[in-house]
Each structure stands twice: as C-alpha cells, then as structure tokens.
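Descriptive structure summary
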Amino acid sequence: MKQFVAFVNKEFLHIIRDNRTLLIIIGMPIVEILLFGFAINMEVQNIRVAFYDPSPDAFTTGIAERIKQNSYFSYQGYMHSMEEMEEELRKGELDLAVVFQQNFRKDLVHSGNAAIQLLSNSSDPNRGSITATYATAIIAGYQQEQMELVNIPFQIQTENRMIYNPQMKSAYMFVPGIMGLVLMIICTIMTAVSIVREKERGTMEVLHASPLKQGTMIFAKTIPYMVISFIDFIIILLLSYYVLDVPVGGNLLLLSLIAIIYIGLTLSYGLTVSTLVDKQVNAVIFSAITSMIPVLMLSGMIFPVDNMPAVLKALSSVVPARWFIDAVRKVMIQGQGVIMVWKEILILIGMTVFLLTVTIANSKKRLE
Amino acid sequence: MKTIKFLIEKEFKQMFRNSLIPRLIILFPTMVLLVFPWAVSFEVNNIKIDIVDHSKSVYSKRLTDKVAASKYFILNDTPLDYNAAIYNMDNGETDMILEIPSSFDKEIVKSQTSSVGVSVNSVNGTQGLLGSNYIMQIVNDFSSDLRTELVNTLPNQSHTSLMRMPKIDIIPHYKYNPGLDYKNFMIPGFMVLLLTILCGILPALNIVMEKENGTINQINVTPVSKAGFILAKLIPYWVVGLVVMIISVVLSYILYGLWPAGSIIAILFSAIVFILSISGFGIIISNYSETMQQASFLVMFFILILILLGGMFTPVSSMPTWAQTIAAVNPFNYLTKTFRMIYLNGSTLRDVSGNLFALVIIALVLNGWAVFSYRKRG
C-alpha cells in the first residue's frame, strides 16, 4: 500500500512539475466549452434574400415587405434580371431568390392563379429546405390575410409543446456532446502519450523491475489523470450551468458517477492504445484520430444516431461517447433518474472492463 | 540548394521509416469517405411517434393511419394516456406525442373545427422543429381531405366561395442539390477535414520530436538557413496532402459519383494553398512546444476550433458576430466554402477568388511565422 501511495505521488509530481502541460489540460476544456457552447448553432438565421419582380404591384411588394421585415431574413435588394440572380446565387452571395411571375396581380385576380418561384441555395440541404419552408409560410400567411379567408371550414389546429428545451437552445443539445468529445480527446492522448513516452525512453523497463505488480502500477499511473479529468468535468459543468444557462435537472451525484465511469473508460482506452504502439508520434495520431472522428460523426453529438442506416447504427454502439452523451442528456437536460440510464451505465462499465482486460493481456505478452 | 535537397531526402526517409504513415495516407481517406458520409444526415425521416387517441372515432383513426403511413414517422406506440406517452419519451423510445382529444369527432361534425396536441422532444432543436412542421403538414392535409369530402354538406354559399378561392402557386427550386442529398454537401467538407488532420498533426509533432530526441541540436550547428530548414520540413507534407487530396477526389467520384461541377484545377489549386497554411500552422505549434504531449494537446485544441467553428457542421452565418470574426481568419472555413461552391454550385475560379485570396494571405502569414518562431539555439 505504501509503495502504491508513493507511486501515485510520483506520478502526481510528474504532472504538476510540467506547468505548461497542466495549463493546457485545464485551459483547453474551458476555452472550448465557451467557444462551442455559444457559437455552435443549427438555427437557420441571416438568410440573405433578394427579389426579382418584372411587374411590381401592391401584392408583390406587400409580400416582399413581409419577408424583409422577418427577423430570419436579411434583405439584399432587388435584382434586374434572372441572370444577375443566378450569378449572385452561384457566387454564394445569396441564400434565397424570390421570383414573381410577370403580371402577378392581374393573373391572380383574373385567372385565380399566379406563381412565385423560390430559388433556395440548397448545397446545404438542411438550410435550403428550411429557407424555402420559412418563405412559403410567410407568403401563405400574407395571402390568407389579404383574402380574408380566415373562415375556411374544416380546420384542425395543432398546439405545439416543446418538451425539455422549450426555448430551443442549441447549447442544450451540444453541451453534453462537447463534454464527451473534450474528455475523450484529453484523457486518451494524456495516458497513451505519457506511457509510450516512458516506453520510448526506456524508463518503463526500470519500472517493470520494481516489486509493484503490473496491474497495480497501471492503476497508480491513471489515478492522477483521473483526478485532473474529473476537475475538468467539474469546470465544464460549472461553466455550462452558470455561463451557458444549461440546466442540471437531474441528480448531481448520478451525473458525477456517469462522468467518473466515462473518464475511467477513456483513460482505459488510452492505456489500450499505449500497448498497441511503440512511438509517441503513432500514439498521438492513433489516439487523435480514433478519439475525435468517431465522436464527431457517430456519437449523436451532431448527427442523430436514429437517422443512420443500420450498419452505422451498429458501429455507433461501440463508440463510448454515444452512451455517455445519451446518459448526460437524460440526466442533465431531461432531469431523469437512475432507472432511465442504468443501461448506459452498464454499457460504459462493460466497455471499461473489456479495454482493461485487453490492456493487461497485451502488456503481459510484451514482457515475455 | 544542395543542402535543402539532402534535408528533404532525410525527411522523406524518416517519414517512411514509420510504417504507420504510408498506411495512414491510403487507409485514412478511404475509411472516412467510405463510412462517414452515410452517417451525416439531418434529414429527419424516422421520427418515432406515440399517438394518444382519446377519441377513438372514425376520424381520429383516419388521422392515426395517415401519420403512421407517412415516410417521416414511425408509429411507436398508442398508449392510453398522456403520462404513459411521456414515460416513453423520458425513456428515449419516442420523440413525439400526438394527442387527439375525446371530442375530436364531434367537433369536426358540429363546428367544422378542432385541435390536436403535439409534444416534441426538443433537446435537438432542429429535429424538434422539423418534426412539428411535418406533423402540421399532415394535419393540414387531413383537414383539406375533409374539406373536399364534406364541403357538399355545408350551406351552398360557402361552397361556391371555396371553389373560387384564388391560389398562389409557390414553387421551390432546391438549387445546386435538387435531391437535397446531405452526402453531396458533406463530402467536400470531409476532404478538408482529412487535409487538416494529416497536414496539421504530423508537422506539429515533427520539430518537437527532434527536440525530444536531441537531434535538433545537430541541425542547429549546421550552416542551413532557418527558412531552408523549415521548407525542407514542409515539402514532404505538401506531397502527403496532395496525394490524400487526389485519393479523395477519385474516391468520391467512384463511390458517390460526385465530381466538381466547376473546375477540378480550381479544387486542386485551392487545396494546395490550404495545405501550405495548415502545415505551416503545425510547424508553429511544434516550435512553441517542449514535449510531444504539449504539441499534441495544442494541435488538437486548435484543430477542434478550426473544424467546429469552420462551417463544416453548422453554418457560420448562424454564429454570433465574434465567432464569425474567428471564422474570417480560419483557413478551414475558406476551403470548405470554396470546395462546396466549386463542387455543388459550379462556381468558377473567379467566383471563388475572394476565398482564395484570403487563403493565400493566411498561408503567407502562417509560414512567415513558422520560420520566425524557429530558434536556432537549444
């Protein structure tokens, strides 16, 4: 036990001595949670709109006025020709072009039919279709008002309620994801690189000669990292609550428990990586790629897992962050208890046990 | 000149001595382009919905069927009360709840108007918004079905006025991506992501590795110039970047049939300028770091910022002003924009010249800094 404490002490000293690294490890999550928490936003805003109206009349200018005044749109002006319109769209200077047909009002009154074309820049399909939806709603609303058609029979109203996130704030969705991402990257690189560094320099062999058991030694090595990562987690949590206004609806102890398990899991992954590679460069590349890309793409942080095809859904279930993010969203945002997250917790524990087993098996092999 | 040639040869040899790197250059783009484009989609089409039908009437049954038949929704459950449905939502089994009041049927017949309640899980705001829009569309369709069926049962007057209702046809054109295919939008982004990771991380580890091994001191006592030394360090990464870029362009054509609508030359040219800036940026980090661990944290820190504030996943135009200012000096942002414009909009070299100019400036500043920040003393 005394040896163990001494060993943990030594590892702590190693880390604290390197001020700069410590500063980076603590500072990085602070800056990132603030940057991303405020800036990442899926909402479609600032839609740059222009009009083309060959024969202006009260009706078309009325519609244009209505769109101009809407806070989602930013008015860019009237264009003189379709060619000019096309060019602005191609250059990426416009998001939406509203094109009225010739003799709009006359046709509407006489034949009862007139057309408006909405050219939405849909290279981003999400933005393109939402833009068109917004504009359609504004035009339809204007028409209804103008024609006093408020009394159409057989109308069914829908009354909407937004649950868990009534103000539709993006931070609610992204904060758990950013937690999962930042912890994964820091913990994995931290453990993998520091252990491979010892391997590279040969100091690892010296440690093997000590009377401490292999398992105990690895455990001792991870304890300081565990502490630092948990401090990171607390900082992220405080910033999310006090600065980003994200609620902590559920039990704080349960949330901490989930975080500790996840941190243990990511550190174990770092250990596993350290047994797979011999050079620091490779440790960095391997842990950077495998910790960042799957979390960004497959964890549900940005893209909902439910939308993915079956093969990728299966693939996403081996990404630890997916279960962490799920659990944090449920406990933190939706305020749920342990009954709703026991599955995620068990999966995270199972993954940790698996990784540790692989690590121990690998490092034994290397010694023989 | 001759010294630089030898240095370049040394860098290439060192790079390929590490067996992971050649494999990385081939396998990493292949894996990313093969797998991840399928994961990215905001198109919300499998929304799980619970319908609580208090009315249990002909019309409510029809509405239920209509929702269940829609391609956007999957009917998860039809619980008896709202609380059971909320339990399902807490559990993550359902995303939406449609509640039909018990008087639904009667109201339609008597007063020709009724209402339904919709509750949406809005943790993911976009998904919540789209989901409630879809359900509104279905309900509107349903009521216009009723209108055509039942309009004859109404007094004559309103009947005729309905028939004469003038109509504006709103015709949306989804330009540049008519199928609204998310893959086409994201693949150019993935190319930039690949270049950023490979040509950003590798140089960031390079000089600091020489510092840790002590070999940097040997270089420092040679007469090679600072700029020459940095240039020799950078050239191999330019080659790596270009190879990765060519692999990506060919693969996305083979796998997804995606080929630039504009000029391929413009794609390659802008990629080269970007590779210059990002590898220069890597060298800067390497110059300022003392250990590999520091370098790796720093490079990951900045790469995350470049990517997440660079408009690949979420639009720059939706960000607050200060974040847009960051995006204005972010090379990732410029290249993503350029690639998407050339690939999808068919923009010409002239159309993207503003972005290219910004990239060139960024490349000059970063590489100047890289040379400047390298000190020839231990």
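Small disclaimer: the values here were computed from a predicted structure and weren't measured.

Rules used throughout
Residues numbered from 1 in each chain as written. Chains lettered and ligands numbered in written order. Predicted model: local features only at pLDDT ≥ 70, side-chain atom pairs only at ≥ 80, totals over all residues. Helix = DSSP H or I, 4+ residues; strand = E, 2+ residues; numbered from the N terminus. Buried ≥ 20, exposed ≤ 12 C-beta atoms within 10 Å, placed from the backbone. Contact = placed C-beta atoms within 7 Å. Rg over C-alpha atoms; globule rule 2.2 N^0.38 Å. pLDDT = per-residue confidence, 0-100. Nonpolar A, V, L, I, M, F, W, Y, C, P; charged D, E, K, R; others polar. Expected span 1.5 Å × (residues − 1). Core = buried A, V, L, I, M, F, W, Y, C linked by C-beta atoms within 7 Å. Bend = angle between axes of the 7 residues up to and from the residue. Axes fitted to C-alpha atoms, helices over the stretch in contact; angles between N-to-C directions. Parallel < 35°, antiparallel > 145°, perpendicular 65-115°, else oblique. Left-handed = near helix turned anticlockwise from the far one by under 90°. Pairing = 2+ DSSP bridges. Right-handed = clockwise from strand over helix to strand, strands pointing away.

**Digging into the overall build of chain A**
A tally of helices and strands in chain A yields 14 helices and five strands. The principal-axis extents of the C-alpha atoms in chain A amount to approximately 95 × 45 × 40 Å. Scored against the burial criterion, the 368 residues of chain A give a buried share of 45%. The long-range share in chain A, meaning contacts at least 24 apart out of those at least 6 apart in sequence, stands at 78%.

**Observations regarding the overall build of chain B**
Within chain B, the secondary structure is distributed over 15 helices and five strands. Since a compact globule built from 378 residues should have a radius of gyration of about 21 Å, the 29 Å found for chain B marks it as more spread out than a globular shape. Summarising its shape, the C-alpha atoms of chain B cover approximately 100 × 45 × 40 Å along the three principal directions. In chain B, buried positions account for 47% of the 378 residues. Summarising the internal contacts of chain B: among those between residues at least 6 apart in sequence, 78% fall at separations of at least 24.

**Comments concerning the confidence of the model for chain B**
Of the residues in chain B, 93% have a pLDDT of 70 or more, and the chain-wide mean is 86. The complex model carries a pTM of 0.84, and its ipTM stands at 0.84.

**Re the environment of Ala321(A)**
Residues and elements named next belong to chain A. Position of Ala 321 among the secondary structure elements: in helix H13 (residues 320-333). Classification of Ala 321 by C-beta neighbours within 10 Å gives buried; the count is 27. For the pair Ala 321 and Gly 141, spaced 180 residues apart in sequence, the C-alpha to C-alpha distance is 44 Å. Beyond its immediate stretch of four places on either side in the chain, Ala 321 contacts Gly 180, Leu 181, Met 184, Val 295, Ser 299 and Met 301.

**As for the interface of chain A and chain B**
Contact residues are listed per partner, giving 92 residues for chain A and 98 residues for chain B. Residue assignment for the side of chain A that touches chain B shows that the elements contributing at least two residues are helix H2 (19-39), helix H4 (82-90), strand S4 (113-121), helix H6 (125-146), strand S5 (155-163), helix H7 (170-201), helix H11 (280-298) and H13 of chain A. Here the residues of the side of chain A that touches chain B sort into 49 nonpolar, 30 polar and 13 charged.

**Thoughts on helix H12 (residues 292-308) of chain B**
End to end, H12(B) covers 24 Å across 17 residues, agreeing with the expected 24 Å (1.5 Å per residue, within 8%). Counting buried positions along H12(B) yields 15 of 17 residues, so the element is predominantly enclosed.

**Quick notes on the environment of Tyr75(A)**
All names here are of chain A. Take Tyr 75: it is sitting in strand S2 (residues 73-78). Using a count of 16 C-beta atoms within 10 Å as the deciding quantity, one classes Tyr 75 as partly exposed. For Tyr 75 and Pro 224, which are 149 residues apart along the polypeptide, the C-alpha to C-alpha distance reads 55 Å. Ignoring sequence-local partners within four residues, the contact set of Tyr 75 consists of Val 49 and Lys 68.

**Thoughts on the nonpolar core**
Of all hydrophobic cores here, the largest spans 160 residues; its most connected members are Ile189(A), Val284(A), Leu195(B), Ile201(B) and Leu205(B). Sequence-distant contacts of Leu195(B), defined by excluding residues within four places in its chain, comprise Gly241(B), Val244(B), Met245(B), Ala271(B), Phe274(B), Ile275(B) and Ile278(B). Among the nonpolar cores identified, the runner-up in size contains 25 residues, and Met79(A), Leu89(A), Phe104(A) and Leu108(A) belong to it.

**A closer look at H2(A)**
With 21 residues, H2(A) ought to run about 30 Å at 1.5 Å a step, and its terminal C-alpha atoms sit 30 Å apart, in line with that. At Gly27(A), H2(A) shows its maximal bend, which comes to roughly 30°, and the proline Pro29(A) appears one to four places after that position. All buried positions along H2(A) are accounted for by Thr21(A), Ile25(A), Met28(A), Pro29(A), Glu32(A), Ile33(A), Phe36(A), Gly37(A) and Ala39(A). For H2(A), the elements touching its buried residues are H7 and helix H9 (214-242) of chain A together with H12 and helix H13 (321-327) of chain B.

**Description of the packing of H7(A) against H12(B)**
Two elements in contact, H7(A) and H12(B), have axes whose closest approach is 10 Å; the angle formed by their N-to-C orientations is 160°. It follows that H7(A) is roughly antiparallel to H12(B) by the angle criterion. The hand of the H7(A)/H12(B) crossing is right-handed. The segment H7(A) lies against H12(B), with Ile185(A), Ile189(A), Val193(A), Ser194(A) and Arg197(A) engaging Met292(B), Gln293(B), Ser296(B), Phe297(B) and Met300(B). Counted by class, the contact of H7(A) with H12(B) contains six nonpolar, three polar and one charged residues.

**Let's talk about the packing of helix H11 (residues 264-288) of chain B against H12(B)**
Residues and elements named next belong to chain B. Contact geometry of H11 with H12 gives a least axis separation of 9 Å together with a crossing angle of 140°. In terms of orientation, H11 and H12 fall into the oblique class. Here H11 and H12 pass one another in a crossing that is right-handed. Counting all contacts with H11, which are made through Gly 282, Ile 285 and Ser 286, the residues of H12 involved are Ala 295, Leu 298 and Val 299. In terms of residue class, the contact of H11 with H12 is built from four nonpolar, two polar and no charged.

**Topic: unusual backbone geometry**
Phi angles above zero are rare outside glycine, and Asn103(A) is one such case at about 50°. Located in the positive-phi region is Lys56(B), a residue other than glycine, with phi close to 50°. For Lys56(B), the position within the fold is in the loop between strand S1 (47-53) and helix H3 (58-69).

**Observations regarding the environment of Lys279(A)**
Here Lys279(A) lies in the loop between helix H10 (252-276) and H11. In the structure, Lys279(A) is positioned 225 residues away from Pro54(A) in sequence and 68 Å away in space, judged by C-alpha atoms. Once residues lying within four places of it in the same chain are set aside, the contact partners of Lys279(A) are Val196(A), Glu200(A) and Asn18(B).

**Structural notes on the pairing of strand S2 (residues 73-77) of chain B**
Residues and elements named next belong to chain B. Pairing of S1 with S2, which is carried by four bridges, proceeds in the parallel orientation. Following the sheet pairing, Ile 47 is matched in S2 by Phe 73. Between S1 and its parallel partner S2, the chain crosses via H3, and the hand of that crossover is right-handed.

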